[in-house]
Structure formats: structure tokens, C-alpha cells
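What follows is each chain in one-letter form.
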Amino acid sequence: PRSIIIDTDPGQDDALAILLALGNPEAIEVIGITAVAGNVPLALTSRNVRVICELADRADITVCAGADQPLLRPLVTAEHVHGKTGLDGADLPEPAMPLDPRHGVDFIIETLMTRSPGTVTLCALGPLTNLAMALIREPRIAPRIQEIVLMGGGCFEGGNITPAAEFNIFVDPHAAKVVFGSGAPVTMVPLDTTHKALTTPARVAAIKAIGSKVSRATVGWLDFFERFDVQKYGSEGGPLHDPCVIAWLIKPELFSGRPCNVEIETTSELTMGMTVVDWWGVTQRPKNAHVLGHVQADGFFGLISQAIARL
Ligand code: BDR
Ligand code: CA
């Protein structure tokens, strides 16, 4: 299996990404999960990760709290999308499992420096603060990373928190700049991809039909999350962003994409956090990311249902 660290700010879609990983042990080994401030503050994201692990009966997973603030800018949160707790929609118990005493950034560095080079993948589902801090503090990790797969940015799709920027990149554009400039292999899952992975009524019904405690929590989360997105996008369901990162590792043939240069806007207030993707190769700038495009949504939701049914 691929060995991964999930860096995350749950988030209902983050929660489903974690469940997708935990429900595919033959394809994915979750070494640990690091929480970052993003959708809600760190105290809540680090709590929510443990709520999700316990829902999946995986209190054995190492969970570390990481950065509580972006590198340079003040934290922007998204309670308007995810609710007050970040994980509204399902009624789940307070977690009993402890946080690991290590800082998330130390855990990332330690893991990469002790495991064999090229065997650890970082899956980033929130602002890139923890990854950037790790790369800055210990630059020797960059060539040891097998792949960084991140949900963030947009290509032709525009933004979802400002007209130009996607939330994860907008919250910490300076961190994104560090990650895209690190030389590590980056796969970027932009809004262009995730906006094709819509939680249609039929797909939600398929999850509901599983009839387990995990499926009930999932349906609750999706109903909550969707309320905002359906209204906003006028589509038949909300986009399920973060699980696309994990699905890429399990079944890459569901996705199309191409290598591109990606630069991050960090100075203009108007377009702060915009990902400038050279999709058409009109510059000579180095191709520093594999940018995904289309996703076969039915195959993707098939993976989600299968994982939930197994947990
Ligand atoms: C991203 O922002 C968050 O609200 C979601 O969890 C996802 O990671 C989508 O822009
Ligand atoms: Ca997220």
C-alpha cells in the first residue's frame, strides 16, 4: 500500500477523505493525521480528526495538532460552509482518544527523515501551513517525499472564497508558494476537478442505503454541507472536494490531468491566493505540478460507498 500522512482541517469533506483512506487498507496505510487551522480553528480541527477516527473505530491512529495560524496572514475560517464545529450535520460523541504530544510539523519531519526516501506521500486537505513549515524547517525532507497530493486552487474555474482564489490556497498563500516551489512532486486537485464530483440525490441515497452508523453520519454531513453548496452553485448537489485526493491514490485512472507550471499570487489584494496555472504551456516556466482536470464522478462515488460499507 501507499503510506500517507493526511494533513487536514475537518470539514465534512475532509472527514469523508479520511474515511475513504481508512476504508482502503489494501491500497493505503495511514501513518498519521496532522490537523491544521482552516475551516475552523485548530482546537476544533484537531478534535474533529479524532471524532472521525473514533467513528471508524480507529482510535489507534496517531493524530497530531499542527499550526494554529497561517504563516503570515491572519486566519480566515469557513463556518458559513461547515457550521460552528466544522463538522456540523452528524451528532457524534466527544472523542476520548488523546492527541499525540508531538507538533504536527515535527511528526511530518520525523516520519520523512526516518522512513526510506520516496515511500511517504503527503495528502493535504486544508491550508498548506504544516507542509510549508516542515519544508522550511527541514529542507532535506523535500527529495524524500514520494508525492504531495493537495486539494487546492483552480485552473479555469475561478475561486470559491474570492472570485480568484480557492479557500485552502487563499488562507495560506505563502505556504502554498513554499510547497509549489519545493521541488517535491506535487499533484494538484483543483476546483475544476472537484466541481465535477457532485453529491447528487442518487449518490447520497446509495450511501444512505448502507444503513450503518458511518453511513448515517456521512449522510448527515452531506445534507448539511450541501445546503450551502446547492444554493450557491445551483447544481444537483455540492462538490465533494477533499476525497478526490485519496481517490487519486486508489484509482488514478478515474482522473485526467497534465503537468503544468503553477504559481501562487501572494501580493495583490484583489487576486490573493490565486493559482496561476499554465495549462496551455504558454510560458517556459518549469512544470512544477501535475494538475488534475476531469474526474469520472460515478466511479469516484463508487469508491466512497465501498469504503463506507467496509467501515
Ligand atoms: C476546500 O475548502 C474547504 O472548505 C474544504 O474542506 C476543501 O478542503 C474547498 O475549497
Ligand atoms: Ca479541507
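Chains are numbered independently. Their residues run from 1 in the order of the written sequence. The naming scheme follows written order: chains are lettered A onward, ligands numbered 1 onward. Confidence filtering applies because this is a predicted model: local features only for residues at pLDDT of at least 70, side-chain atom pairs given and counted only at 80 or more, and all residues used for totals across whole chains, interfaces and linings.

Caption draft 1: Structural context of the overall build of the protein. Scanning the protein from terminus to terminus reveals 12 helices and 10 strands. By the compact-globule yardstick of 19 Å for 311 residues, the protein fits well, its C-alpha radius of gyration being 18 Å. Projecting the C-alpha coordinates of the protein onto the three principal axes gives extents of approximately 50 × 45 × 35 Å. Using C-beta atoms placed from the backbone, we call a residue buried if 20 or more other C-beta atoms fall within 10 Å of its own, exposed if 12 or fewer do, and partly exposed for counts in between. Each of the 311 residues in the protein was classed as buried or not, and the buried ones make up 53%. Contact between two residues is assigned whenever their backbone-derived C-beta positions fall within 7 Å. Here the analysis covers contacts within the protein between residues at least 6 apart in sequence; of these, 83% occur between residues at least 24 apart. Counting from the N terminus, the helices are DSSP H or I runs at least four residues long and the strands are E runs at least two residues long. Throughout, the radius of gyration refers to the C-alpha atoms, and the reference size of a globule is 2.2 Å times the residue count to the power 0.38.

Caption draft 2: Structural context of the nonpolar core. In terms of nonpolar packing, the biggest core is built from 99 residues, with Leu19, Ala21, Leu131, Ile148, Leu150, Val179 and Val245 touching the most fellow members. It is helix H1 (residues 12-22) that contributes the most residues to this core, eight residues altogether. Nonpolar cores are built from buried Ala, Val, Leu, Ile, Met, Phe, Trp, Tyr and Cys residues. These are joined into a set through C-beta atoms within 7 Å.

Caption draft 3: Up close: the site of ligand 1. As a structural note, the neighbourhood of ligand 1 is formed by 15 residues, with Gly11, Asp13, Phe167, His241 and Asp242 the closest of them. For the shell around ligand 1, the secondary structure elements donating two or more residues are H1 and helix H6 (167-171). We call Asp, Glu, Lys and Arg charged. Ala, Val, Leu, Ile, Met, Phe, Trp, Tyr, Cys and Pro are nonpolar, and the rest, Gly among them, are polar. Taken together, the residues of the shell around ligand 1 break down into five nonpolar, six polar and four charged. As used in this record, a residue near a molecule or strand is one whose C-beta atom, placed from the backbone, is within 6 Å of it.

Caption draft 4: A look at the sheet that holds strand E7 (residues 255-260). Overall, mixed pairing links the eight strands, which are arranged E3-E2-E1-E4-E5-E6-E10-E7 in an open sheet. Pairing within the sheet leaves two strands with one partner each, and these edge strands are strand E3 (63-65) and E7. On average, each strand axis in the sheet is inclined to that of its neighbour by 25°, with strand direction left out of account. Two strands are counted as paired when DSSP detects at least two bridges linking them. Judged from the two bridges that link them, strand E6 (residues 186-189) and strand E10 (residues 289-295) form a sheet pairing that is parallel. By the bridge assignment, threonine 187 is partnered in E10 with histidine 290. Only the stretch in contact is used when a helix axis is fitted, and all axes are lines through C-alpha atoms; the angle between N-to-C directions ranges over 0 to 180 degrees. Contacting strand E1 (2-8), strand E2 (28-35), E3, strand E4 (120-124) and strand E5 (145-151), helix H4 (residues 104-114) crosses the sheet at an angle of about 150° to E2.

Caption draft 5: Fine view of the pairing of E10. Note that E7 and E10 share five bridges and pair antiparallel. Across the sheet, phenylalanine 255 pairs through a bridge with valine 295, a residue of E10.

Caption draft 6: Structural context of the packing of H1 against helix H12 (residues 297-310). Interhelical geometry of H1 versus H12 gives an angle of 70° and a closest axis separation of 8 Å. The angle between H1 and H12 falls in the class roughly perpendicular. The two elements H1 and H12 meet at a crossing, and its hand is left-handed. Packed against H1, whose contacting residues are Leu16, Leu19 and Leu20, the element H12 presents Leu303, Ile304, Ala307 and Ile308 at the interface. Angles are sorted into four bins: roughly parallel if under 35 degrees, roughly antiparallel if over 145, roughly perpendicular if 65 to 115, and oblique for all others. Helix crossings are classified by the rotation of the near helix relative to the far one: an anticlockwise turn of less than a right angle makes the crossing left-handed, while a clockwise turn makes it right-handed.

Caption draft 7: Representation of the pairing of E6. Of the two faces of E6, both are covered, the one formed by Val186 and Met188 as well as the one formed by Thr187 and Val189. Pairing geometry for E5 and E6, over four bridges, is parallel. When the bridges of E6 are listed, leucine 150 appears paired with methionine 188.

Caption draft 8: The packing of helix H5 (residues 129-137) against helix H7 (residues 173-180), seen in detail. Where H5 meets H7, the axes come as close as 8 Å, and the angle between the chain directions of the two elements is 55°. Considering their axes alone, H5 and H7 lie oblique with respect to each other. The element H5 and its partner H7 pack so that their crossing is left-handed. Residue-level inspection shows Thr129, Leu131, Ala132, Leu135 and Ile136 of H5 in contact with H7, the latter providing Ala175, Val178 and Val179. Residues of the contact of H5 with H7, tallied by class, amount to seven nonpolar, one polar and no charged.

Caption draft 9: Structural view of H7. All of the buried residues in H7 are Pro173, Ala175, Ala176, Val179 and Phe180. End-on, the buried residues of H7 take up no more than an arc of 155°, which puts them together on one face. The inward-facing, buried residues of H7 abut H5, E5, H6, E6, strand E8 (262-264) and E10. Directions from the helix axis toward the C-beta atoms define the arc.

Caption draft 10: How the structure looks around unusual backbone geometry. Here the residue pair proline 10 and glycine 11 is connected by a cis peptide bond, since its omega of -5° sits within 30 degrees of zero. Mapped onto the elements, glycine 11 comes out in the loop between E1 and H1. Phi is positive for aspartate 57, which is not a glycine, with a value near 55°. Here aspartate 57 lies in the loop between helix H2 (42-55) and E3.

Caption draft 11: Expanded view of the environment of leucine 135. Residue placement: leucine 135 occurs in helix H5. By the C-beta count within 10 Å, which is 27 here, leucine 135 ends up buried. Other than its neighbours up to four places away in sequence, leucine 135 contacts Ile141, Ala142, Val178, Val179 and Ser182.

Caption draft 12: Local environment of the environment of asparagine 48. By the element assignment, asparagine 48 lies in helix H2. Under the C-beta neighbour-count criterion, asparagine 48 is labelled buried, with 27 such atoms within 10 Å. Apart from the residues lying within four places of it in its own chain, the contact partners of asparagine 48 are Pro10, Thr85, Gly86 and Leu87.

Geometric descriptors of this kind do not, in isolation, establish any biological role.
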